[in-house]
Number of protein chains: 2
Amino acid sequence: MLQSEISDILKEFNLKVTPIRTTVLNVLVHSDVALSHADITDKIGDESVDKVTLYRTLNTFNEKGLIHKVATEDRNWLYAIMLKSNKIPVSEHDHAHFICNSCEKIFCFPVSQHTQSGIASIKEGFKVLEQEIRLHGICPACQ
Amino acid sequence: MLQSEISDILKEFNLKVTPIRTTVLNVLVHSDVALSHADITDKIGDESVDKVTLYRTLNTFNEKGLIHKVATEDRNWLYAIMLKSNKIPVSEHDHAHFICNSCEKIFCFPVSQHTQSGIASIKEGFKVLEQEIRLHGICPACQ
DNA sequence: CACTATTTGCAACTTAGTTGCAATGGAGAT
DNA sequence: ATCTCCATTGCAACTAAGTTGCAAATAGTG
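## Focus: the nonpolar core
Argument step 1. L28 and L66 of chain A together with L28 and L66 of chain B are the most contacted members of the largest nonpolar core, which has 64 residues in total.
Argument step 2. Counting the residues that make up this core, at least three belong to each of domain 1 (1–86) and domain 2 (92–143) of chain A.
Argument step 3. Non-local contacts of L28 of chain A, meaning those with residues more than four positions away in its chain, are made with L35, I40, L58, F61, I67, Y79 and I81 of chain A.

So this is what it looks like as structure tokens:
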């Protein structure tokens, strides 16, 4: 993905284009798994980013619907962008997370309407507005 | 539920019967929603329990499969027991959590095999071993 | 270029949860 | 009932993730 496309995404979400935001978004766009604050810090590597700034950047992205947060089993946050095939991020309320028991990576992908409908009326009297499905197992790379 | 039944559950899970465990299990058994460490401390009230002991008690219960932990959106742990109709706890890998957007209570209930099957093969190459479904919405009491 | 609102960096703080260790106590054996 | 051993408990100090306040820097607009 070109640098200009990263900028375009930021502009589309009404965010000022800054070096940090570009760097962070770039990392997220090129990852197929959800990343923690520490993962992102590592990936950025050299030109170290202040931890507070990174938290704020991620929270801003999340508030604008550009990425979303997943709380892990060990009570950390993971952050992931969801891109449609055309590389434009979509904000999605209904999605699934697959957590690999072996490598502990978290994969994130949308869930079909068809799969959702089966769950929608689980219990009398509970009005379901959005949902997340967490799957634990073994990812293709670890099998 | 009688005090002797609480003891029986502990024994059944190979846990020594102690006053603290009895108290904590009693609180969990009588709650229809998942409780945080702080919730449990509050419910116990007077005869204050050391926070470390409570964490250890909850983790022990969790390891033995007597209760299970849910990570909340605000990165706290909630703890819940799952009872079958006959009031014997079941250790269940596949279950759903319903989080009320209004009162923020978390309800926990098993998911039918039928509902599960729809999700099991979401993505090629991912071997699903267990799953959790999170539903966000409005609980009956808040409608 | 100049101006303003937003973003960034630093230091200090908060809070959930953990670790180490000594004291206590449950429950099976005698 | 008492002894003994090992699991459990309580306390203090610690860790680590994430937040807050504030001053300095900077994007974007005219």
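## Observations concerning the sheet that holds strand β3 (residues 77–81) of chain B
Residues and elements named next belong to chain B.
Argument step 1. Here we have 3 strands laid out as an open sheet, ordered β1-β3-β2, and antiparallel in their pairing. Of all strands in the sheet, those bounded by a partner on one side alone are β1 (35–36) and β2 (67–71).
Argument step 2. In this structure, β2 lies alongside β3, joined through 5 bridges in antiparallel fashion. Each residue of the ladder has a partner; that of V70, found in β3, is L78.
Argument step 3. Along the sheet face, helix α2 (residues 19–29) touches β1, β2 and β3 and points at about 85 degrees away from the line of β3.

## Points about the packing of helix α1 (residues 3–12) of chain B against α2 of chain B
Packed helices, taken two at a time, are described by their axes: the angle between them and the distance between them.
Residues and elements named next belong to chain B.
Argument step 1. Between α1 and α2, the least distance of the axes is 10 Å, while the angle of their chain directions is 105 degrees. When the axes of α1 and α2 are compared, the pair comes out roughly perpendicular. Taking contact as the criterion, the partners of Q3, I6, I9 and L10 in α1 are, on α2, R21, T22, L25, N26 and V29.
Argument step 2. Its residues placed into classes, the contact of α1 with α2 shows 5 nonpolar, 3 polar and 1 charged.

## Overview of the protein's contact with DNA strand C
Argument step 1. Residues in contact with DNA strand C amount to 19 residues; listed here are only the nearest, T18, R21 and R56 of chain A together with K51 and Y55 of chain B.
Argument step 2. The sugar-phosphate backbone supplies 63% of the atoms of DNA strand C found within 4 Å of the protein.
Argument step 3. Separating a base oxygen of DNA strand C from a side-chain N or O atom of K51 of chain B is a distance of 2.8 Å.
Argument step 4. Only α2 (19–29) and α4 (51–64) of chain A together with α4 (51–64) of chain B provide two or more residues apiece to the surface near DNA strand C.
Argument step 5. Of the residues forming the surface near DNA strand C, the biggest block, 5 residues, is contributed by α4 of chain B.

## As for the packing of α2 of chain A against α4 of chain A
Residues and elements named next belong to chain A.
Argument step 1. Their axes nearest at 11 Å, the elements α2 and α4 cross at an angle of 65 degrees. As judged from the angle between their axes, α2 and α4 are roughly perpendicular. The crossing of α2 and α4 is right-handed. Side by side, α2 and α4 meet where I20, R21, V24, L25 and L28 of the first sit next to T53, L54, T57, L58, T60 and F61 of the second.
Argument step 2. Residues belonging to the contact of α2 with α4 are distributed by class as follows: 7 nonpolar, 3 polar and 1 charged.

## Observations concerning the protein's contact with DNA strand D
Argument step 1. Residues in close proximity to DNA strand D total 20 residues, the closest being K51 and Y55 of chain A together with T18, R21 and R56 of chain B.
Argument step 2. Close to the protein, within 4 Å, the atoms of DNA strand D belong to sugar or phosphate groups at a rate of 67%.
Argument step 3. Contact distances for DNA strand D include 3.2 Å between a base oxygen and a side-chain N or O atom of R56 of chain A.
Argument step 4. Here a phosphate oxygen of DNA strand D and a side-chain polar atom of T53 of chain B are 3.1 Å apart.

Criteria and thresholds
Residues numbered from 1 in each chain as written. Chains lettered and ligands numbered in written order. Predicted model: local features only at pLDDT ≥ 70, side-chain atom pairs only at ≥ 80, totals over all residues. Heavy atoms only, no water. Core = buried A, V, L, I, M, F, W, Y, C linked by side-chain atoms within 4.5 Å. Buried < 20%, exposed > 50% of the residue type's maximum accessible area, 1.4 Å probe, protein only. Domains from an automatic or database assignment. Contact = heavy atoms within 4.5 Å. Pairing = 2+ DSSP bridges. Helix = DSSP H or I, 4+ residues; strand = E, 2+ residues; numbered from the N terminus. Axes fitted to C-alpha atoms, helices over the stretch in contact; angles between N-to-C directions. Parallel < 35°, antiparallel > 145°, perpendicular 65-115°, else oblique. Nonpolar A, V, L, I, M, F, W, Y, C, P; charged D, E, K, R; others polar. Near = heavy atom within 4 Å. Polar contact = N/O pair within 3.5 Å; in protein donor to acceptor, adjacent residues only side chain to side chain. Left-handed = near helix turned anticlockwise from the far one by under 90°.

Bear in mind that shape data such as this cannot, by itself, settle questions of function.
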